[in-house]
Amino acid sequence: MKITHPDAVPYREVDWTGEYPPEYTRGQVPAHVAIIMDGNGRWANKQGLTRTQGHAAGEEVLLDVVAGALQAGVKQLSVYAFSTENWKRDPAEVRFLMGFNRKVLHRRRDQLNAWGVRIRWAGRRPKLWRSVIDELERAQEMTKHNTRLTLTMCINYGGKLEIVDAVREIAEEVRAGRLKPSGVTERVLDARMYQPDMPPVDLYIRSSGEQRISNFLTWQGAYAEMVFLDTLWPDFSRRELWHAIDIYSGRVRRFGGAIDAPGTQAAS
Ligand code: IPE
Ligand code: IPE
Ligand code: MG
């Protein structure tokens, strides 16, 4: 695994590895996949490397997984890159992660743009480095007309704080008389999330064997299926993504309905 990168990376086709996803039955590919990219530290530890080298090893993996998502026909991919809880880490690691996210966006945006990927950011402004926000905004602007896949980079993101931020906005609107308390509906909250047009999560994937959501897309993931894989993120690839989609395609989603009720559907 290569763990350092030049500033400019050569252009690659989406199928540069020569691998192709299994033939999913139409309608069984999740529209929105949310990935908790976990296990960089443990991977590094096992290799006798530093935690930051573990994070660096995840860059290529992310590109590979985005390519695999494009091949499979996933329309929305949200990736958890830095949580509102990750500020608790050692300051040197936090500094590395901030600089690293900025550099990854800078290095990879042309490639992602060429693939037709629309890059978006979900997260909070307070505390997040200005240079990271600038890079995110540049990438959003550059790719805003792309429609093949939306890649949401969740940086300084926390699901509970996203809801708190939405509720604060709503409280202001109620105070100003623009909204009645009885007018506060799910749709009103949807519209105040960081990316209001983000669809519900269909499938969560978490690497590294941990079986928790860690405050990721709390609102949008209310009815998502979950697939937990033991592979550590730096060892992950498009094959693991396809494997998770395979597992998902065998699930029956009920959304609260009875097992044979109308409206109950196989994963779609
Ligand atoms: C995930 O890997 C990356 C981030 C949280 C930024 P970790 O750094 O959490 O790796 P582990 O969980 O310690 O192995
Ligand atoms: C979740 O991973 C956050 C990211 C992957 C960015 P963590 O490693 O921070 O989560 P916990 O602390 O194990 O729940
Ligand atoms: Mg972790």
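Residues numbered from 1 in each chain as written. Chains lettered and ligands numbered in written order. Predicted model: local features only at pLDDT ≥ 70, side-chain atom pairs only at ≥ 80, totals over all residues. Heavy atoms only, no water.

Pairing between the strands of a sheet comes from backbone hydrogen bonds, and it takes one of two forms, parallel or antiparallel. Taken in spatial order, the 6 strands make up an open sheet running β3-β4-β2-β1-β5-β6, and their pairing is parallel. On the outer flanks of this sheet lie β3 (117-122) and β6 (225-228), each paired with one strand and no other. Ignoring which end each strand starts from, the neighbouring axes of this sheet average 20° apart. Here strand β2 (residues 76-83) runs beside strand β4 (residues 149-157); their pairing, made up of 7 bridges, is parallel. Across the sheet, the residue bridging to Q76 is T150, located in β4. Running over the sheet, helix α4 (residues 130-142) touches β3 and β4 and is turned about 145° from β3. The sheet contacts of helix α7 (residues 238-249) involve β1 (32-36), β5 (203-206) and β6, and relative to β5 the element is tilted by about 135°. (Pairing = 2+ DSSP bridges. Helix = DSSP H or I, 4+ residues; strand = E, 2+ residues; numbered from the N terminus. Axes fitted to C-alpha atoms, helices over the stretch in contact; angles between N-to-C directions. Contact = heavy atoms within 4.5 Å.)

This next bit is on the packing of aromatic side chains. Ring pairs (aromatic) are described by centroid distance and by the angle formed between their planes. Here the structure, examined in full by the defined rule, presents 10 aromatic pairs. Ring plane angle 15° and centroid distance 6.1 Å describe the contact between W16 and W115, whose orientation is recorded as stacked. Here W16, found in the segment before β1, pairs with W115, found in the loop between α3 (91-114) and β3; they are 99 residues apart in sequence, far enough to count as distant. Taking the centre distance of 6.3 Å and the plane angle of 50° together, the rings of Y204 and F216 count as tilted. One end of the pair, Y204, is in strand β5; the other, F216, is in the loop between β5 and β6, with 12 residues separating them in the sequence. In terms of burial, Y204 and F216 fall into one category: buried. By way of ring pairs, the aromatic residues Y80, Y157, Y194, Y204 and F216 are connected into one cluster. (Phe/Tyr/Trp six-rings, centres within 6.5 Å; stacked < 30°, edge-to-face > 60°. Buried < 20%, exposed > 50% of the residue type's maximum accessible area, 1.4 Å probe, protein only.)

Moving on, we come to the nonpolar core. By size, the foremost hydrophobic cluster in this structure holds 50 residues, and its most contacted members are I35, V66 and M153. Looking at this core, the element that brings in the most residues is helix α2 (residues 51-72), giving 9 residues. M153 has contacts with L62, V79, A81, L105, I119, R120, W121, A122 and L136, leaving out every residue within four places of it along the chain. Core analysis: the second largest hydrophobic core is formed by 13 residues, A34, I36, Y204 and F216 among them. (Core = buried A, V, L, I, M, F, W, Y, C linked by side-chain atoms within 4.5 Å.)

The subject of this paragraph is the site of ligand 2. What surrounds ligand 2 is the set I36, M37, D38, Y80, A81, F82, N86, R89, R206, R212 and S214. A distance of 3.2 Å separates an oxygen atom of ligand 2 from a polar side-chain atom of D38. Residue N86 places a side-chain N or O atom 2.9 Å away from an oxygen atom belonging to ligand 2. The fraction of the free accessible surface of ligand 2 (390 Å²) that becomes covered by protein chains is 78%. (Near = heavy atom within 4 Å. Polar contact = N/O pair within 3.5 Å; in protein donor to acceptor, adjacent residues only side chain to side chain. Areas by Shrake-Rupley, 256 points an atom, 1.4 Å probe, with all protein chains shown as cover.)

This paragraph deals with the environment of K160. Tracing the backbone through its elements, the reader meets K160 in helix α5 (residues 159-175). Among all residues touching K160, those that are not within four sequence positions of it are N215 and T218.

As a further point, take the site of ligand 1. Around ligand 1, a shell composed of 13 residues is seen, among which D38, G41, R42, R51 and R89 lie nearest. Contact between ligand 1 and N40: an oxygen atom at 3.1 Å from a main-chain N or O atom of the residue. Contact distances for ligand 1 include 2.8 Å between an oxygen atom and a side-chain N or O atom of R51. Protein chains shield 86% of the accessible area of ligand 1, which is 380 Å² for the free molecule. Its atoms largely coinciding with the cavity grid, ligand 1 occupies the largest pocket. Secondary structure elements with two or more residues in the shell around ligand 1: α1 (40-47), α2 and α3. Counting residues per element, the shell around ligand 1 draws most heavily on α1, at 3 residues. In terms of residue class, the shell around ligand 1 is made up of 3 nonpolar, 5 polar and 5 charged. (1 Å grid on protein atoms, 1.4 Å probe; cavity = no way out; pocket = protein on both sides within 12 Å on 5 of 7 lines; lining within 4 Å. Sits in = over half its atoms within 2 Å of the grid points. Nonpolar A, V, L, I, M, F, W, Y, C, P; charged D, E, K, R; others polar.)

This part covers the environment of D110. Secondary-structure assignment places D110 in helix α3. Judged by its relative accessible area of 48%, D110 is partly exposed. Between the C-alpha atom of D110 and that of E162, which follows or precedes it by 52 residues, the distance is 29 Å.

Our focus in this paragraph is α5. Owing to its 3.6 residues per turn, the α-helix aligns residues three or four sequence positions apart on the same side. The end-to-end C-alpha distance of α5, which contains 17 residues, comes to 25 Å, matching closely the 24 Å that a straight helix rising 1.5 Å per residue would cover. Three or more residues of α5 are buried, namely G159, E162, D165, A166, I170 and E173. Viewed along the axis of α5, the buried residues span an arc of 135°, placing them on a single side of the element. Structural note: α5 exposes K160, R168 and R175 on the side pointing more than 90 degrees away from its buried face. On its buried side, α5 packs onto β4 and α6 (186-190). (Expected span 1.5 Å × (residues − 1). Arc of directions from axis to C-beta.)

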